[in-house]
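As a plain string of letters, each chain reads:
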Amino acid sequence: GGAGKTAVNLRFGGIDGPVIAPTARAALAALWIVAALLALQGGYKLVSGTAAAWGRDKDIDLQYRANEYAWFREGVYPNANVEPPPDPSRASYSVYPPYAFPMMAVFFEPRGLEQGRIVLWTLSVAGLLWLAIAGCGTLGPWGAAMAALGAAAALGISGNKGVFGLGQFSILCVALIFLQMSFITRGRPVAAGLCWALAMLKPHIALPFAALFLFRRQTVGLATGLVLLAALSWLACAWTGVAIGDLIHH
């Protein structure tokens, strides 16, 4: 501005003049209010979703995954269109790619669904905390209120209740994508590739982020991830006795 005017910078609270303009104070207050509301909403979604899953057995997605892993554990590929199961009444028609089933051992081996609930809940909460840290760090340069908004943003995502309530892997996979980004930024492509491969548990979330390796010219990270996925796919086919050609045809 011209002489005698107060210039308010983009930090929503930092000033170049002697006073903070009323519009800046209003913006600052609004940011804190929105951050608080998002945090409260996030806490509610976590608690209500967990109660639905654990108290009322509403986590049907995780129950399906537990059934699929149970078939895989017995050496049967968990898709009746690929390999008919010994017990048709328990038939599964999983849409997950073959490499996902060895990954599911982390959740269900050896205690099944109850273990899966605890492991998935713990990893999802840890994922939310990591996303909060990442959001805080991303918006932190623009002031404390923006940092709080960044930290609370992931908590307020509307789908979080369903993720906890239905027993889904989404939060975990998004957190792994943010870890991938962090490792890429720090020049650690192999670690980034491993994170990306694990996030491919949900391909529709992770697949587009393979492009990051190309943009940053860290193709060794993409190669690392693809090798891991190929190895896990081979393991799944070898364990169940399903020919890779038949699976590709399906």
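Colleague: What should I look at first to understand the side chain of S94 in this one?
Modeller: Structurally, S94 can be placed in the loop between α2 (60-73) and α3 (100-103). A polar side-chain atom of S94 sits 3.1 Å from a polar atom in the side chain of E68. Filtering out sequence-adjacent residues up to four positions away, S94 remains in contact with E68, P78, N79 and F101.

Colleague: How should the packing of aromatic side chains be read in this particular structure?
Modeller: Each aromatic ring pair is summarised here by two numbers: the centre-to-centre distance and the angle between the ring planes. All told, the structure shown has 10 aromatic pairs when counted by the stated rule. When the ring of Y77 is compared with that of F101, the centres are 5.5 Å apart and the planes differ by 85°; the resulting orientation is edge-to-face. With Y77 in the loop between α2 and α3 and F101 in helix α3, this pair connects stretches of sequence that are 24 residues apart. Across the pair, F101 and Y77 agree in class, each one buried.

Colleague: Even after reading the chapter, I still don't get helix α1 (residues 22-56), so can you show me in this structure?
Modeller: Here α1 is 35 residues long and its end C-alpha atoms lie 49 Å apart, about the 51 Å a rise of 1.5 Å per residue gives. Buried residues of α1: A24, L31, A35, L38, G42, K45, S48, G49, T50, A52 and A53, and no others. Summarising the contacts, the buried residues of α1 are in contact with α5 (113-139), α6 (144-153) and α7 (160-166).

Colleague: Explain the packing of α2 against α5 here, please?
Modeller: Describing two packed helices takes the angle between their axes plus the distance from one axis to the other. At a minimum axis separation of 10 Å, α2 and α5 run at an interaxial angle of 125°. On the basis of their axis angle, the class for α2 and α5 is oblique. Seen from above, α2 lies across α5 with right-handed handedness. Between α2 and α5, the contacting residues are L62, Q63 and A66 on the first element and L113, G116, R117 and L120 on the second.

Colleague: Please clarify how unusual backbone geometry should be interpreted in this entry.
Modeller: Cis peptide bonds are those with omega within 30 degrees of zero, and the linkage from E109 to P110 qualifies with 5°. One non-glycine residue with positive phi stands out, namely D57, at about 55°. Of note, D57 is situated in the loop between α1 and α2. Unlike most non-glycine residues, R217 shows phi in positive territory, near 55°. Looking at the secondary structure, you find R217 in the loop between α11 (211-215) and α12 (219-240).

Colleague: Got a minute to help me understand α2 in this structure?
Modeller: Along an α-helix, residues three or four apart share an orientation, since each turn contains 3.6 residues. Counted at 1.5 Å a residue, the expected span for α2 with its 14 residues is 20 Å, and the 20 Å between its end C-alpha atoms agrees. Among the residues of α2, those classed as buried are D61, L62, R65, A66, E68, Y69, W71 and F72. At its buried positions, α2 is contacted by α3, α4 (105-108), α5, α7 and α12. Of the residues trailing α2, G75 is marked for its positive phi of about 85°.

Colleague: It is not clear to me how the confidence of the model for the protein chain should be interpreted in this structure. Could you clarify?
Modeller: Segments scoring low in pLDDT should not have their predicted coordinates read at a detailed level. Confidence along the protein chain averages 90 in pLDDT terms, with 92% of residues attaining 70 or more. Summarising per-element confidence for the protein chain, the mean pLDDT is lowest in helix α13 (residues 244-249) (87) and highest in helix α9 (residues 189-199) (98). In the model, residues 1-19 has pLDDT below 50 throughout and makes 23 contacts with residues more than four positions away in sequence or in other chains.

Colleague: Explanation requested: the pattern of salt bridges in the structure shown.
Modeller: Opposite charge on two side chains allows them to pair when their charged atoms are near. Counting across every chain of the model gives five salt bridges. When the shortest N-O distance is used, the salt bridge between R117 and D57 registers 2.9 Å. On the criterion of sequence distance, the pair formed by R117 in helix α5 and D57 in the loop between α1 and α2 is long-range, its members being 60 residues apart. Between R73 and E109 there is a salt bridge whose closest N-O contact spans 2.8 Å. Linking R73 in helix α2 with E109 in the loop between α4 and α5, this pair joins segments that are 36 residues apart in sequence. Here R73 falls in the partly exposed class, since its relative accessible area comes to 46%.

The rules we used
Residues numbered from 1 in each chain as written. Predicted model: local features only at pLDDT ≥ 70, side-chain atom pairs only at ≥ 80, totals over all residues. Heavy atoms only, no water. Helix = DSSP H or I, 4+ residues; strand = E, 2+ residues; numbered from the N terminus. Polar contact = N/O pair within 3.5 Å; in protein donor to acceptor, adjacent residues only side chain to side chain. Contact = heavy atoms within 4.5 Å. Phe/Tyr/Trp six-rings, centres within 6.5 Å; stacked < 30°, edge-to-face > 60°. Buried < 20%, exposed > 50% of the residue type's maximum accessible area, 1.4 Å probe, protein only. Expected span 1.5 Å × (residues − 1). Axes fitted to C-alpha atoms, helices over the stretch in contact; angles between N-to-C directions. Parallel < 35°, antiparallel > 145°, perpendicular 65-115°, else oblique. Left-handed = near helix turned anticlockwise from the far one by under 90°. pLDDT = per-residue confidence, 0-100. Salt bridge = Lys/Arg side-chain N within 4 Å of Asp/Glu carboxyl O.

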